[in-house]
Structure formats: C-alpha cells, structure tokens
Amino acid sequence: MDNILCGIKNHIAYITINRPDVLNCFNYQTLVELGDVLQDLHIDQKVRVVIFTGAGSKAFSAGADLKERKTLNDKEVRRNVKKISEVFEQVANLPQPTIAAINGYAFGGGFELALACDFRLAAGNSIMGLTETSMGIIPGAGGTQRLPRLIGPSQAMELIFTAKRLTADDAYQYGIVNQVIDEEQLLSKCEQLANEILKNAPVAVKQAKFAIRNGMNTDLATGLQIESNAYELTIPTQDRKEALKAFAEKRPPEFIGG
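Residues numbered from 1 in each chain as written. Predicted model: local features only at pLDDT ≥ 70, side-chain atom pairs only at ≥ 80, totals over all residues. Heavy atoms only, no water.

**Q** Tell me about the overall build of the protein chain, residues and numbers included.
**A** A count of helices and strands for the protein chain gives eleven helices and ten strands. Relative to the compact-globule value of 18 Å for 258 residues, the protein chain shows a C-alpha radius of gyration of 19 Å, a close match. Of all 258 residues assigned to the protein chain, the portion counted as buried reaches 45%. In the protein chain, of all internal contacts separated by at least 6 residues, the share reaching a separation of at least 24 is 67%. Within the structure as shown, the protein chain displays about 13500 Å² of accessible surface, and the carbon and sulfur contribution to it stands at 54%. The averaged location of the 30 negative side-chain charges in the protein chain is 2 Å from the averaged location of its 28 positive side-chain charges. (Helix = DSSP H or I, 4+ residues; strand = E, 2+ residues; numbered from the N terminus. Rg over C-alpha atoms; globule rule 2.2 N^0.38 Å. Buried < 20%, exposed > 50% of the residue type's maximum accessible area, 1.4 Å probe, protein only. Contact = heavy atoms within 4.5 Å. Areas by Shrake-Rupley, 256 points an atom, 1.4 Å probe, with all protein chains shown as cover. Lys, Arg positive; Asp, Glu negative; His and termini not counted. Charge placed at Lys NZ, Arg CZ, Asp CG, Glu CD.)

**Q** So what about the nonpolar core? Which residues, and what values?
**A** Membership of the largest hydrophobic core comes to 44 residues, with the highest contact counts inside it found for Phe-52 and Ile-176. Excluding residues that lie within four positions of it along the chain, Ile-176 makes contacts with Phe-111, Leu-115, Arg-120, Leu-147, Leu-150, Ile-151, Leu-159, Leu-166 and Ala-171. Counting residues in each nonpolar core, the second largest holds 16 residues, with Ala-101, Ala-123, Ile-181 and Ile-197 among its members. (Core = buried A, V, L, I, M, F, W, Y, C linked by side-chain atoms within 4.5 Å.)

**Q** Provide a residue-level description of a nonpolar patch on the surface, including the pertinent values.
**A** Among the surface-exposed residues, Leu-66, Met-135 and Ile-137 lie close enough to one another that they form a single nonpolar patch of about 300 Å² accessible area. Position of Met-135 relative to the elements: it lies in the loop between β8 (127-129) and α5 (143-151). (Patch = residues over 30% accessible without salt bridge, like charges linked within 9 Å, V, L, I, M, F, W, Y side chains within 5 Å. Salt bridge = Lys/Arg side-chain N within 4 Å of Asp/Glu carboxyl O.)

**Q** Got a sec to walk through the environment of Arg-240? Specific residues and values, please.
**A** Relative to the helices and strands, Arg-240 resides in helix α11 (residues 238-248). Distance in space between the C-alpha atoms of Arg-240 and Lys-46 is 18 Å, their sequence separation being 194 residues. Every residue in contact with Arg-240, bar those within four places of it in the chain, is listed here: Thr-234 and Ile-235.

**Q** Can you tell me about α11, naming the residues and giving the values?
**A** The α-helix advances 3.6 residues per turn, and as a result positions three or four apart in sequence lie on the same side. All of the buried residues in α11 are Asp-239, Glu-242 and Ala-246. The buried residues of α11 occupy one face: seen down the axis, they fall within an arc of 55 degrees. Along α11, the residues that are exposed and aim more than 90 degrees away from the buried face are Leu-244, Phe-247 and Ala-248. Check the buried side of α11 and you find it contacts α9 (202-215). At the C-terminal side of α11, Lys-250 shows a positive phi close to 55 degrees. (Arc of directions from axis to C-beta.)

**Q** I'd like to hear about the sheet that holds strand β3 (residues 49-54), residue by residue, with values.
**A** Across the sheet, six strands lie side by side as β1-β2-β3-β5-β7-β10; this open sheet has mixed pairing. The open sheet is flanked by β1 (4-9) and β10 (179-181), the only strands paired with a single partner. Looking at each pair of strands side by side, their axes are set apart by 20 degrees on average, direction ignored. The sheet contact formed by β3 and strand β5 (residues 98-102) spans three bridges and is parallel. For Val-50, the partnering residue across the bridge sits in β5 and is Thr-98. (Pairing = 2+ DSSP bridges. Axes fitted to C-alpha atoms, helices over the stretch in contact; angles between N-to-C directions.)

**Q** Run through the packing of α9 against helix α10 (residues 220-234), naming residues and quoting values.
**A** With their axes 9 Å apart at the nearest point, α9 and α10 run at an angle of 165 degrees to one another. On the basis of the axis angle, α9 is roughly antiparallel to α10. Relative to α10, α9 is oriented so that their crossing is right-handed. Of the residues in α10, those in contact with Val-203, Ala-204, Gln-207, Phe-210, Ala-211, Asn-214 and Gly-215 of α9 are Gly-223, Ile-226, Glu-227, Ala-230, Leu-233 and Thr-234. Among the residues forming the contact of α9 with α10, the class breakdown is seven nonpolar, five polar and one charged. (Parallel < 35°, antiparallel > 145°, perpendicular 65-115°, else oblique. Left-handed = near helix turned anticlockwise from the far one by under 90°. Nonpolar A, V, L, I, M, F, W, Y, C, P; charged D, E, K, R; others polar.)

In structure tokens:
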C-alpha cells in the first residue's frame, strides 16, 4: 500500500496517512487502503492500541482530495462519501483504544477521522475544523453526529454553521482535544498514553471501551445492562486471576490478554 502505512511495535499499531504532497487528503484509493488495514487490525489480538497520524509535518489530513472531487460525477461523489463514512465507522468500532496524533491541518474529513478516535492529542501549531459548509456541503463522515456528542449540540452547531477554524488551544478549550503538545513531543506523548493503557489487562480495556461506546447513547438501564454483560466477559479470564495473584504477591501483574 502506498497511501496508508501501518507498522506494529510493542502492541501499538501506527497508521500513517501517507500523502504529504497533498496534505494527506483522502482520495478513494486511500479510503480503500485504510479500510483494508482497519479490517485486519480489528481482529489482531497482538495490537492493543492504535495511533493515527499524517505523514510529514504540515497536516494530519486536510480532508477530501478536492482535485479528485472535481473530476467525479454525482454518482462517484456519493460513492466516496459512503466509503469515508463507512471507513471512519470502522475506526470508531475498533475494539482497541485509538489515539489521533494531530500534527498540523485537520479539516473536514481529517477532523472527522480524529473525532472517530477515542483520544485526540494535538501539536500546538495544529489548525482544525469542520469547514464543509464553506464548500457548499456538510460534514458527511460522522462530523454532525460525533462532534455534538463530544461537546454538545449548541457549540457543535456554532462550529459547523460558521465553518470555524480552531487552533489547538481553541480545540482544547472546547474539550475536543485531550492535550496540546509541542510538535517535537507529539508522538512520544501519544506513546506515553498508549503505554499507560498497555499496563492494564487487554480484555478489560476492550470491554470497558465497548461498554462506554455502546452505553453512552442509551438510557441508563440499558447502559447498565451493557456494562454488566461486558463485565461478565472478564470474569473467566486468566488476566483477572493474574491480577489477584499479583496483588497478593505484591508485584506488578503480567497480563497476557486472555
């Protein structure tokens, strides 16, 4: 694959959008490649955290490839919009925790990719936003749904209707990004967060994510049942027994993911 790079090290998968010459914009082929990578990662038990970033130092992703978009007929545009929505839903549905390392511009679909991740860490020089209304369209890869759930409908409508561009500090104030970091330290800070997660039992982390993701948009009673079902899956694991044994022996647990 040329447009999407994926490497795995120490249980962390690194996914890089590799089109720096066009600010890592998404054309159709890039979306196809990303979808294929995500399909493999979804079932890879060795991968426990996934970090997304963009190649180069200018952009995470500036969104859809407008040069390609200009050449498409209406049917092909609908194909691209459907594909990007499906692929970013794959991101949101990964069982592993996901981190967006926002290293520069993140507009439109690039920002929507970050919103599909569990955590967003941004370099201090990053600029981001859902700018689609300034192009005569609306966010079509989850932006109108994920941003309101993250920061509330009124603030999300303000940002979407005005196509406002946010600095990293702005995004932090809105509660969109978790941390603002010096550009040189961005990846290491993402790895630091990943390693804090990796200290804990993989099955428990995945089930906690499942319970949160699937319970937050239901009523409380349904959410509690989802939590109960997720908890049930951790009871027979070797990792739960190892945690109790390690506690008794006053040592760090050695989790195996089962």
